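Here are the chains, one letter per residue:
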Amino acid sequence: MEKDRGTKMIAIIALLIAVAGVSLGFAAFSNVLTISPSANVTPNSDTFNVDFSSSDTSLETDPIVPTKNPDSIAATNATIDNSTAPTITGLDATFTEPGQSVTYTFYATNTGEYDAFLKSIVYANVSGEQSTKVCKATGDTTDALVQQACSSISVNVKVGSEAETSGAVATITGHRLAKDAYEMITVRIEYDSNGTRADGDFSVEFGDISLNYSSVD
């Protein structure tokens, strides 16, 4: 009997050790893996772009032939250059009397990936001067008469459905040019029909005119 009891005790102890061993075998370990995502977005400025075009259906840079009133006066063709900052140059008219005008018609087209919003039309001063328009007498022309006539000569810009502007900064809101869309621009150089006449030749120089587009309104 004593022998059997000893055998059973050993067996029980062995069983407890086995259970303890199993418990240790199933002990849980943990390890936390942390993911910290982040991203930087730097849009390419080349994807926002508004260019000049001579066509309202495709991007073209043909010379802009003006409409003259009357047709007998002289005016040069305008030239589009979109290679860097889009520019149109060569808008020049030669008037012989009041009541004459020259109109150039071309287009702005959104060739970028964002909607473009026209924010302002800015009339800059003539380079080196304090005015957006400078008139100078030629030869023996009387300067006083030139300055009187100067106030009768203007350059006027109309963009899309906006009202025509002239000579001052025009702030614009809500003017959207969608991607791949076109809008008409007209530039009219005019000698008012009620304008003063000078007693000889004179020149008129205007400052640059900027159309400022933004990706936000």
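That block above? That's the structure.
Residues numbered from 1 in each chain as written. Predicted model: local features only at pLDDT ≥ 70, side-chain atom pairs only at ≥ 80, totals over all residues. Heavy atoms only, no water.

A. Representation of the layout of surface pockets in the model. Estimated volume of the largest pocket: approximately 1,300 Å³. Taken together, 44 residues line the largest pocket, and the ones lying closest to its centre are Leu-91, Val-155, Ile-189, Phe-206 and Ile-209. Listing elements by their share of the lining of the largest pocket, those giving two or more residues are strand 1 (50-53), strand 5 (87-89), strand 6 (93-94), strand 7 (100-110), strand 10 (153-159), strand 13 (182-191), strand 14 (202-206) and strand 15 (209-214). If one sorts the elements of the lining of the largest pocket by residue count, strand 15 sits on top with five residues. (1 Å grid on protein atoms, 1.4 Å probe; cavity = no way out; pocket = protein on both sides within 12 Å on 5 of 7 lines; lining within 4 Å. Points joined across faces, edges and corners; volume = space filled by probe spheres on them. Helix = DSSP H or I, 4+ residues; strand = E, 2+ residues; numbered from the N terminus.)

B. Here's a closer look at the packing of aromatic side chains. What the rule picks out here adds up to two aromatic pairs. Arranged with centres 5.5 Å apart and planes meeting at 85°, the rings of Phe-52 and Phe-106 form a pair that is edge-to-face. Of the two residues, Phe-52 sits in strand 1 while Phe-106 sits in strand 7, which places them 54 residues apart along the sequence. Of the two residues, Phe-52 and Phe-106, both sit in the buried class. Ring centres 6.3 Å apart and planes at 40° place the aromatic pair Phe-95 and Tyr-191 in the tilted group. In this pair, Phe-95 is assigned in the loop between strand 6 and strand 7 and Tyr-191 in strand 13, connecting sequence segments 96 residues apart. Accessibility classification places Phe-95 together with Tyr-191 in one group, the buried group. (Phe/Tyr/Trp six-rings, centres within 6.5 Å; stacked < 30°, edge-to-face > 60°. Buried < 20%, exposed > 50% of the residue type's maximum accessible area, 1.4 Å probe, protein only.)

These values are about where atoms sit, not about what they do.
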